[in-house]
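Notes for the structure review
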Amino acid sequence: LGNSYTKVFEISMRERVLERLQLEKDLRQAVAIAQDPQNQDPQNQENQEFLIYYQPIVSLKNMRIVGLEALIRWRHPQRGLISPTYFIPLAEETGLIIPIGDWIMRNACYQLKSWHQRFTNAKDITISVNLSPKQLAQDDVLDKCLNTLQEIELEPQYLKIELTESSIMENPNFAVSVLRKMQQAGINIYIDDFGTGYSSLAYLHKFPFDGLKIDRSFVNNIHADNNGTEILQAIISLAQSVNAHIVAEGIESLAQLNYLQDLLQEGDGQGFFLFRPLDLKGIEAILQTSM
Ligand code: C2E
Ligand code: MG
Ligand code: MG
Ligand code: MG
């Protein structure tokens, strides 16, 4: 019995290793396409395997779209659309997140600039870009951001960088100095998935940041009877006490929206109940009309 069990285990291990190797090879190919000098026109994305979905962020006060979060997808030639939760960890481990992150930054900023120019209602909206721990650790992370903004002629105040507490905590001294310089340049810093990191309270006052995105697990706990919201309320008071802007993630129901609207005088929301992440066509249809 022990033997056959071991054998099954070995086969599945081997399969997993092979699958990972194949995925890594495919990811390198996708990056090569993104880096190909022939594919650098942001207006022509037909050859790209990466694409960006955009999820609106809405003011809870007046329900207007105030920004968009750029969320990467991978259009795998055989497997179809792959979620970032599946390939971003591999991209992190292999370092491929650096060229992928550069690609996202440039293309998302380019799109925002083009929407500012084309849609009169969208002139003030911002773009939120997720930055992974590896990216934050690069010496040239700030220069790259600023060069991209300059190339695209996008004012820094339209760019919001999202990072998690744990990515700051990997090298807090370096991260804090980079984030401070980003802020000085006019870029806004948001802490993503706030409340899920272990370090929240002890380090919060040391981080340079403009806003907190409350993790969706806390918003999920809002039920019709208003039970289970103690931690959410504590996080909101905490954010307010340090003058941080608040974005509530993962709003999935009207009850959750109403609850947050009552609790937050200022503040934004994001979630499937408001808008799902949308592809280019989908988001342009919305920016064009219902703002
Ligand atoms: P995140 O930055 O916290 O992004 C929010 C995620 O929550 C998105 O998942 C979004 O689709 C999902 N979401 C939004 N509203 C709701 C809701 O109401 N309910 C539920 N259940 N989910 C909701 P997505 O697009 O799969 O991205 C997952 C994560 O992958 C992101 O979490 C982020 O950490 C990472 N990611 C995505 N794009 C990038 C990128 O360009 N660079 C890096 N470094 N990471 C990225
Ligand atoms: Mg995010
Ligand atoms: Mg988040
Ligand atoms: Mg997340």
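Residues numbered from 1 in each chain as written. Chains lettered and ligands numbered in written order. Predicted model: local features only at pLDDT ≥ 70, side-chain atom pairs only at ≥ 80, totals over all residues. Heavy atoms only, no water.

By the naming in an unreviewed UniProt entry, the protein goes by EAL domain-containing protein and is assigned to Pseudanabaena yagii GIHE-NHR1.

Counting residues in hydrophobic clusters, the biggest one holds 83 residues, and the most contacted among them are Phe-50, Ile-127, Ile-161 and Met-182. The greatest single-element share of this core, amounting to 10 residues, is contributed by helix 3 (residues 97–118). When residues no more than four places from it in sequence are discounted, the contact partners of Phe-50 are Leu-27, Ala-30, Val-31, Ala-34, Ile-72, Arg-73, Trp-74, Phe-87, Ile-100 and Trp-103. (Core = buried A, V, L, I, M, F, W, Y, C linked by side-chain atoms within 4.5 Å. Buried < 20%, exposed > 50% of the residue type's maximum accessible area, 1.4 Å probe, protein only. Helix = DSSP H or I, 4+ residues; strand = E, 2+ residues; numbered from the N terminus. Contact = heavy atoms within 4.5 Å.)

Moving on to the coordination of the magnesium ion (ligand 2). Under ideal tetrahedral coordination, the four donors around a metal are separated by 109.5 degrees; under ideal octahedral coordination, the six donors are separated by 90 or 180 degrees. Coordination of the magnesium ion (ligand 2) by the protein is provided by Glu-69 (OE), Asn-130 (OD1), Glu-162 (OE) and Asp-192 (OD), with metal-donor distances spanning 1.9 to 2.2 Å. Positions of the donor residues of the magnesium ion (ligand 2), expressed as sequence spacing, correspond to E-x60-N-x31-E-x29-D. Separating the magnesium ion (ligand 2) from the magnesium ion (ligand 3) is a gap of 3.9 Å, bridged by Asp-192, which donates to each. Placement of the pair is Glu-69 in strand 2 (residues 65–76) and Asp-192 in strand 6 (residues 188–194), with a sequence separation of 123 residues. (Donors = N, O, S within 2.8 Å, 3.2 Å for Na, K, Ca; no water.)

We now examine the packing of aromatic side chains. Using the criterion set out here, one finds 5 aromatic pairs in the structure. Between Phe-50 and Trp-74, the ring centres sit 6.4 Å apart and the planes meet at 45°, which makes this aromatic pair tilted. Placement of Phe-50 in strand 1 (residues 50–59) and of Trp-74 in strand 2 is noted, with a sequence separation of 24 residues between them. The exposure class assigned to Trp-74 is buried, which follows from its relative accessible area of 0%. Note on Phe-50 and Trp-103: the rings are 6.0 Å apart at their centroids and 50° apart in plane angle, and the pair reads as tilted. Taken as a pair, Phe-50 in strand 1 and Trp-103 in helix 3 lie far apart in primary sequence, 53 residues in all. Among the aromatic residues, those joined into a cluster by ring pairs are Phe-50, Trp-74, Phe-87 and Trp-103. Across the ring face of Phe-272, the terminal group of Arg-276 is positioned such that the distance to the ring centre comes to 4.0 Å. (Phe/Tyr/Trp six-rings, centres within 6.5 Å; stacked < 30°, edge-to-face > 60°. Lys NZ or Arg CZ within 6 Å of the ring centre and 35° of its normal.)

What follows is about the environment of Ile-104. Its place among the elements puts Ile-104 in helix 3. Distance from Ile-104 to Val-129, taken between C-alpha atoms, is 7.8 Å for residues 25 residues apart in sequence.

Counting buried positions along strand 1 gives 10 out of 10 residues, so the element sits mostly inside the fold. Burial along strand 1 is two-sided: Phe-50, Ile-52, Tyr-54, Pro-56 and Val-58 and Leu-51, Tyr-53, Gln-55, Ile-57 and Ser-59, pointing in opposite directions, are all buried. Of the pairings in the sheet, the one linking strand 1 to strand 2 comprises 9 bridges and is antiparallel in character. Of the residues in strand 2, the one forming a bridge with Gln-55 is Glu-69. Pairing between strand 1 and strand 9 (residues 268–269): 2 bridges, direction antiparallel. Residue pairing in the sheet places Val-58 in a bridge with Gly-269 of strand 9. (Pairing = 2+ DSSP bridges.)

Below, the discussion takes up the site of ligand 1. With respect to spatial proximity, 23 residues lie near ligand 1, and among them Arg-73, Asn-130, Asp-192, Glu-252 and Phe-272 are the closest. At a separation of 3.1 Å, a nitrogen atom of ligand 1 approaches a polar backbone atom of Ile-72. Contacts to ligand 1 include Glu-249, whose side-chain N or O atom sits 3.4 Å from an oxygen atom. Elements with a contribution of two residues or more to the shell around ligand 1: strand 2, helix 2 (84–94), helix 3 and strand 6. Per element, the largest residue contribution to the shell around ligand 1 is 4 residues, and it comes from strand 2. Looking at the shell around ligand 1 residue by residue, the classes come out as 9 nonpolar, 6 polar and 8 charged. (Near = heavy atom within 4 Å. Polar contact = N/O pair within 3.5 Å; in protein donor to acceptor, adjacent residues only side chain to side chain. Nonpolar A, V, L, I, M, F, W, Y, C, P; charged D, E, K, R; others polar.)

For the coordinates displayed, the defined rule picks out 11 salt bridges. Close ionic contact of Arg-20 with Glu-93 constitutes a salt bridge, the shortest N to O distance being 2.4 Å. In this pair, Arg-20 sits in helix 1 (residues 2–35) while Glu-93 sits in helix 2, placing the two residues 73 residues apart along the sequence. Under the relative-accessibility criterion, Arg-20 is labelled partly exposed at 34%. Taking relative accessible area as the criterion, Glu-93 reaches 54% and is therefore assigned exposed. With its nearest N and O atoms 4.0 Å apart, the salt bridge here joins Lys-213 to Glu-249. A residue pair is termed long-range when its members are at least 10 positions apart, and Lys-213 in strand 7 (residues 211–214) and Glu-249 in the loop between strand 8 (245–248) and helix 11 (254–263) qualify at 36 residues. Here Lys-213 matches Glu-249 in class, with each residue buried. Through salt bridges with shared partners, a single ionic network connects Arg-20, Glu-24, Arg-28 and Glu-93. (Salt bridge = Lys/Arg side-chain N within 4 Å of Asp/Glu carboxyl O.)

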